[in-house]
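If you want the building blocks of each chain, they are given just below.
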Amino acid sequence: MSLALDGLAIAYPDARIGPIDLTVPSGVTAVLGPSGAGKSTLLELIAGFETPDSGTITLDGARLDGRPPERRPVGMVFQDDALFPHRSVRENIAFGAAESVDTAAIAERFEIGELLDRDPATLSGGESRRVALARTLASDPDALLLDEPLASLDAPIRRRLRRDLAARLAALDVPVVYVTHDQREAAVVGDRLAVLFDGTLHQVGPTDRVFDRPATERVARFLGHSVVEGQVVSRDPPRIDCGPTTVRASMVASGPAVSVALDPSAVDLRPADPSSDDSAAASNRLDGEIDRIVDRQTDTIATISVPGLGPIEARVGRSRADELSEGEDCVVAIDPGDIVPIE
């Protein structure tokens, strides 16, 4: 089963979406981008709530564009669960269910069997979200669209449901388009990743590949990579001149000028210790100074000034962060394989 968008486009007075060419195989394709990128509009085009100016939508070879929403075998979960307040959970799930579907079995799959006689107003955010998903799947769709399905939940609930939702979606054998602005959510849930800016797709590929190898500077910066500019001074072995600093890479671009992306997770940061024999002998070992340290929920981000590279970021664990202080000298080590040329 595959969902295919070919040249899909729509224009508004102040914005344009597309043309978009995207193939969504069975599994989860996460569409990631900032607010206003056109992510929700893309889902509305697929579902039939918006009419494209051009392009086609096909599902397993059958054209969907031109059909009204009710004639498209596509299920959609909105940001607002939109449960019927006057119906019980059981009645919500049964509403629009296919005759061949066992609604009780779907309820058990989402662990809401004990909620079937409850009123939607009595449900927690997580419970309500599970009911909305169960109701959509009860219609036995051939494709599933999810619009920021965890956005309305508190952060602790959202973190708890990410992997739960990823496991449940992985069990479905249909194309799933999962819209989110949350990078962690996209990384956990998505098998494939499509990055959307201003109505245009900038990169599509396996999730790990896109995060590890952003194709453009805009994608790199959006995903949190530091971007460094330099000149190629050697191709064998690959070396890049960044002002007073020269770094080794595993590959370089074809032209003399090059921009490279540095994933903060790939930057090994430690306090400066002149007596230390650095353990990363195969890495670029660079001296710098820690400008800023920001503690987050699960890790710490340090901004480091390195001559020629400018400010770059490193993601460190809490134990390593306790050894660091703002304003102190430091050493960073970057493996040449983690220096990624970008357009």
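Only a predicted model underlies this, so the values are computations on that prediction, with no experimental measurement involved. (Residues numbered from 1 in each chain as written. Predicted model: local features only at pLDDT ≥ 70, side-chain atom pairs only at ≥ 80, totals over all residues. Heavy atoms only, no water.)

## A closer look at the side chain of T300
Line of reasoning, step 1. Within the secondary structure, T300 is located in strand β17 (residues 300-306).
Line of reasoning, step 2. Within the structure, T300 has its side chain in polar contact with the side chain of D295 (distance 2.8 Å). (Helix = DSSP H or I, 4+ residues; strand = E, 2+ residues; numbered from the N terminus. Polar contact = N/O pair within 3.5 Å; in protein donor to acceptor, adjacent residues only side chain to side chain.)

## Quick word on the nonpolar core
Buried together is how nonpolar side chains tend to be arranged in soluble globular proteins.
Line of reasoning, step 1. In this structure, I93, I112, L146, L169 and Y178 are the most contacted members of the largest nonpolar core, which totals 32 residues.
Line of reasoning, step 2. Listed by contribution, the elements that provide at least two residues to this core are α2 (89-94), α3 (103-109), α4 (125-138), β7 (143-147), α5 (155-170) and β8 (175-180).
Line of reasoning, step 3. No other element matches the 6 residues that α4 contributes to this core.
Line of reasoning, step 4. With sequence-adjacent residues up to four places away left out, Y178 is seen in contact with V28, T29, A30, V31, L146, P149, L150, L165, L169, E185 and V189.
Line of reasoning, step 5. Counting 27 residues, the second largest nonpolar core, distinct from the first, contains V260, V267, I293 and I339. (Core = buried A, V, L, I, M, F, W, Y, C linked by side-chain atoms within 4.5 Å. Buried < 20%, exposed > 50% of the residue type's maximum accessible area, 1.4 Å probe, protein only. Contact = heavy atoms within 4.5 Å.)

## Structural notes on the domain arrangement of the protein
Line of reasoning, step 1. Along its sequence, the protein is carved into domain 1 (2-219) and domain 2 (225-342).
Line of reasoning, step 2. One C-alpha centre belongs to domain 1, the other to domain 2; they are set 37 Å apart.
Line of reasoning, step 3. For the domain 1 face of the interface with domain 2, the top three residues by lost area are R213, P214 and E217, together amounting to 54%.
Line of reasoning, step 4. Taken together, the connections running from domain 1 to domain 2 amount to 2 residue pairs in polar contact (both at pLDDT 80 or more). (Domains from an automatic or database assignment. Buried area = accessible area lost by both parts, 1.4 Å probe.)

## Here's the deal with the layout of surface pockets
Line of reasoning, step 1. Of the pockets and cavities examined, the largest pocket occupies roughly 810 Å³.
Line of reasoning, step 2. Forming the walls of the largest pocket are 27 residues, and the residues nearest its centre are Q183, R184, F211, R296 and R315.
Line of reasoning, step 3. Mapped by element, the contributors of at least two residues to the lining of the largest pocket are α5, α6 (183-189), α7 (207-212) and β18 (310-316).
Line of reasoning, step 4. Of the residues in the lining of the largest pocket, the class split is 8 nonpolar, 7 polar and 12 charged.
Line of reasoning, step 5. Per-domain counts for the lining of the largest pocket show at least three residues from each of domain 1 (2-219) and domain 2 (225-342).
Line of reasoning, step 6. In this model, the second largest pocket occupies a volume close to 620 Å³. (1 Å grid on protein atoms, 1.4 Å probe; cavity = no way out; pocket = protein on both sides within 12 Å on 5 of 7 lines; lining within 4 Å. Points joined across faces, edges and corners; volume = space filled by probe spheres on them. Nonpolar A, V, L, I, M, F, W, Y, C, P; charged D, E, K, R; others polar.)

## A look at helix α1 (residues 39-47)
Line of reasoning, step 1. Of all 9 residues in α1, 7 are buried, a share of seventy percent or more.
Line of reasoning, step 2. All of the buried residues along α1 are K39, T41, L42, L43, L45, I46 and A47.
Line of reasoning, step 3. The positive-phi residue at the C-terminal boundary of α1 is G48, with phi of around 100°.

## Comments concerning the sheet that holds strand β12 (residues 238-242)
Line of reasoning, step 1. One open sheet accounts for 5 strands, arranged β13-β12-β11-β14-β20; its pairing is antiparallel. Looking along the sheet, the strands with just one partner apiece sit at the ends: β13 (245-248) and β20 (339-342). Taken over all neighbouring pairs, the strand axes of this sheet differ in orientation by 45° on average, direction set aside.
Line of reasoning, step 2. Sheet analysis places β12 next to β13, joined by 4 bridges and oriented antiparallel. (Pairing = 2+ DSSP bridges. Axes fitted to C-alpha atoms, helices over the stretch in contact; angles between N-to-C directions.)

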